[in-house]
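# Fold and geometry: a report
The lines below spell out each chain.
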Amino acid sequence: MTGVTLPSKAPTRPTAATLLAWYDRHHRELPWRISPAAAKRGVRPDPYHIWMSEVMLQQTTVAAVKAYFAKFISRWPTVKDLAEAPNEDVMAAWAGLGYYARARNLKKCAEAVASEHGGVFPDTEEGLRALPGVGDYTSAAVAAIAFNRPSAVMDGNVERVISRLFAIDAPLPGSKPQMKAKVAELTPTDRPGDFAQAMMDLGATICTPKRPACALCPFNDACVALATDEPERFPVKAAKKAKPLRLGAAFIAVDRDGQLLLRKRIDSGLLGGMTEVPTTDWTSRQDGETGIEAAPFPADWQAAGAISHVFTHFELLLSIYRVGPIDRPSVNHGFWVPVTELDGEALPTVMKKAIAAAIPTAFPTLKG
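What you are looking at is a predicted structure, and each value in this text was computed from that prediction instead of being measured.

Scoring rules and cut-offs
Residues numbered from 1 in each chain as written. Predicted model: local features only at pLDDT ≥ 70, side-chain atom pairs only at ≥ 80, totals over all residues. Heavy atoms only, no water. Axes fitted to C-alpha atoms, helices over the stretch in contact; angles between N-to-C directions. Helix = DSSP H or I, 4+ residues; strand = E, 2+ residues; numbered from the N terminus. Parallel < 35°, antiparallel > 145°, perpendicular 65-115°, else oblique. Left-handed = near helix turned anticlockwise from the far one by under 90°. Contact = heavy atoms within 4.5 Å. Nonpolar A, V, L, I, M, F, W, Y, C, P; charged D, E, K, R; others polar. pLDDT = per-residue confidence, 0-100. Disulfide = S-S within 2.5 Å. Buried < 20%, exposed > 50% of the residue type's maximum accessible area, 1.4 Å probe, protein only. Phe/Tyr/Trp six-rings, centres within 6.5 Å; stacked < 30°, edge-to-face > 60°. Lys NZ or Arg CZ within 6 Å of the ring centre and 35° of its normal.

This paragraph deals with the packing of helix α6 (residues 87–94) against helix α7 (residues 101–116). In helix packing, the relevant descriptors are the interaxial angle and the interaxial distance, both defined with respect to the helix axes. One can describe the packing of α6 onto α7 by two numbers: an axis separation of 9 Å at closest approach and a directional angle of 135°. By the criterion of interaxial angle, the relationship of α6 to α7 is oblique. Crossing of α6 against α7: the hand is right-handed. On the side of α6, the interface is formed by N87, V90, M91 and W94, while α7 contributes R102, A103, R104, L106, K107 and E111. Its residues placed into classes, the contact of α6 with α7 shows 5 nonpolar, 1 polar and 4 charged.

Attention shifts here to the confidence of the model for the protein. In the predicted model, the protein carries a mean pLDDT of 94, and the fraction of residues at 70 or more is 97%. Here residues 1–6 is modelled with pLDDT under 50, and outside its nearest four sequence neighbours on either side it reaches 12 contacts, counting other chains as well.

Quick look at the state of the cysteines now. Under the definition given, this model contains 0 disulfides. Sulfur of C217: no disulfide; nearest cysteine sulfur belongs to C207 and is 6.1 Å away. Not part of a disulfide, C223 finds its nearest cysteine sulfur in C214, a span of 6.5 Å. By relative accessible area, C223 is classed as buried at 11%.

Let us now look at the packing of helix α10 (residues 156–165) against helix α11 (residues 176–186). Where α10 contacts α11, the axes come no closer than 10 Å and their chain directions differ by 85°. Comparing the axis directions of α10 and α11 gives the class roughly perpendicular. Taking contact as the criterion, the partners of V158, E159, I162, S163 and L165 in α10 are, on α11, K176, M179, K182, V183 and L186. In the contact of α10 with α11, the residues fall into 6 nonpolar, 1 polar and 3 charged.

This model, assessed by the stated rule, comprises 11 aromatic pairs. Where F72 meets W94, the ring centres are 5.9 Å apart and the plane angle is 90°; that geometry is what we call edge-to-face. Placement of F72 in helix α4 (residues 62–75) and of W94 in helix α6 is noted, with a sequence separation of 22 residues between them. Classification of F72 as buried rests on a relative accessible area of 0%. On the numbers, 5.3 Å between centres and 45° between planes, the contact of F297 with W301 is tilted. Taken as a pair, F297 and W301 share a single burial class, namely buried. Site record: aromatic cluster; members linked through ring pairs are F251, F297, W301 and Y321. In this structure, K182 packs its charged tip against the face of F166, placed 4.6 Å from the ring centre.

What follows is the structure, encoded as structure tokens:
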């Protein structure tokens, strides 16, 4: 925060009306959102679109989600279409968006809505929470935004706004119940969906983690942190534990036809159901082997560097080995895919990094 004059009087009481007036003028245009003007004309949100976007947006940016949302909605226009889609197709379409358990839960939830609810989403927070993979946040968000239920919606943006608004000193995650209670107090019975989206927009565009634009904030007269402290100090977070470093190896084998050896991971656990190159048995809790002796078959393997990838709870360092072009060996598990067609596979980013280390032309636009 820079260039902001602190209020000289005690903060006023924040109101939903103040925020909604700001939202009517400054809301973001998003492909899954119904604008305030459209809502006044009677246009209603599509619960399928709202649910899809909220699942995708968990721990992912709006900018990253837009293209994925458009792809999913174009390919599977209704929840029944998604429910009937092959798992492999859904995972492949999700590849690169990360946190792959979300994709598995997306498919399970679509199947439940189609088979148990006739393709119609439950319209209450409780009913939504009973669906596979739908937790407290998603159920509240869909109930409020899609069905205008007065549910208290709290994501990372809302946590930041509410912690500053009331100068909540208790650190996260322990302060979440206190924050949610404040959100519930503010949430109006009229336009609760717009209020939830307004809080998210405020946190994303004005009440940002660094250098918040306090002078432009509709709540600046009511913000206790602005009046008494430094807003950037909030939300207070518990000290982070250092992420453990795990080791492993990945093996890039290319046959004489330019096809790459791949295999599918088991459906459960980390990267469950995704496609991978042969790799050793690393997990978030243990290292895998890192040498050539762990290769999937005997060959003239050559070292091709190493890549690192950060997961939520650990960092992974993979030693990369390459062989090829070779006569296709006999392997117990796996399948071969042309290097030129890898974009159609359900390869998570860590596997794309591993392949690119050995075959730089495979993913020329890959960053990081």
